[in-house]
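A closer look at the structure
Spelled out, the chains give:
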Amino acid sequence: GQLDVMSEGLLLLTDDVTFSNKLVHAKSAHENEYLVQVDHPIEMSVIKRMQAGMKFEHGITLPTKVRKIDQTRFAIVLHESTPQQIRHMCDAVGYHIRALVRTRILTLRMSSNYPLGNWRHLTETEVTALKKALGMKGS
């Protein structure tokens, strides 16, 4: 999946077309986790509304996991990814996003101490775990 210009975080680059298609295709319904900072205190009623799924003109979002971290930050786990879904969800409940960071794709979690803008090759173990999570064989 892509990140919009106002977002940051974990990206995977690959030349494996089969892997890429399984990873980004909407039907695969795999987990992506994000850290979201908004402009004012988060109410539990809003968390519950996001968790239940929300109706938009393109359809209803799947139920999601949302965990309040502090007054203005929450983590959200999506099983689908429509363009700017988190931004639409926040707009619908009256929050403006100040920061949006993808922290996890399936089994791969972004290290908090890895410098912004740097990259590395995945380990064989990481590739195997990702492919297994996608129902693929091999490394």
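For the rest of this paragraph, the subject is the confidence of the model for the protein. Chain-level statistics for the protein give a pLDDT mean of 87 and a share of 94% at 70 or above. Averaged pLDDT values over the elements of the protein bottom out at 81 in strand E4 (residues 59-60) and peak at 96 in strand E5 (residues 65-68).

The next point concerns the pairing of E5. Along any regular strand, the residues point their side chains to alternate faces of the sheet. Two strands pair when backbone bridges link them, and E5 and strand E6 (residues 73-78) are joined in this way by four bridges, in the antiparallel orientation. Bridge pairing links valine 66 to isoleucine 76 in E6. Where E5 folds back onto E6 in an antiparallel hairpin, the turn is made up of four residues.

What follows deals with unusual backbone geometry. At leucine 106, a position not held by glycine, the phi torsion is positive, near 50°. In this fold, leucine 106 is placed in the loop between strand E7 (97-105) and strand E8 (108-109).

A word on helix H4 (residues 124-133). Each α-helix turn comprises 3.6 residues. Residues three or four places apart therefore point the same way. Considered for burial, the residues of H4 that qualify are Glu126, Leu130 and Lys131. Taken down its axis, H4 places every buried residue within 130° of arc, on the same side. Opposite the packed face of H4, turned more than 90 degrees from it, sit the exposed residues Glu124, Thr125 and Lys132. Close packing links the buried residues of H4 with helix H1 (17-24), E7 and E8. Two residues or fewer past H4, glycine 135 is found with a positive phi of approximately 80°.

Rules and cut-offs
- Residues numbered from 1 in each chain as written.
- Predicted model: local features only at pLDDT ≥ 70, side-chain atom pairs only at ≥ 80, totals over all residues.
- Heavy atoms only, no water.
- pLDDT = per-residue confidence, 0-100.
- Helix = DSSP H or I, 4+ residues; strand = E, 2+ residues; numbered from the N terminus.
- Pairing = 2+ DSSP bridges.
- Buried < 20%, exposed > 50% of the residue type's maximum accessible area, 1.4 Å probe, protein only.
- Arc of directions from axis to C-beta.
- Contact = heavy atoms within 4.5 Å.

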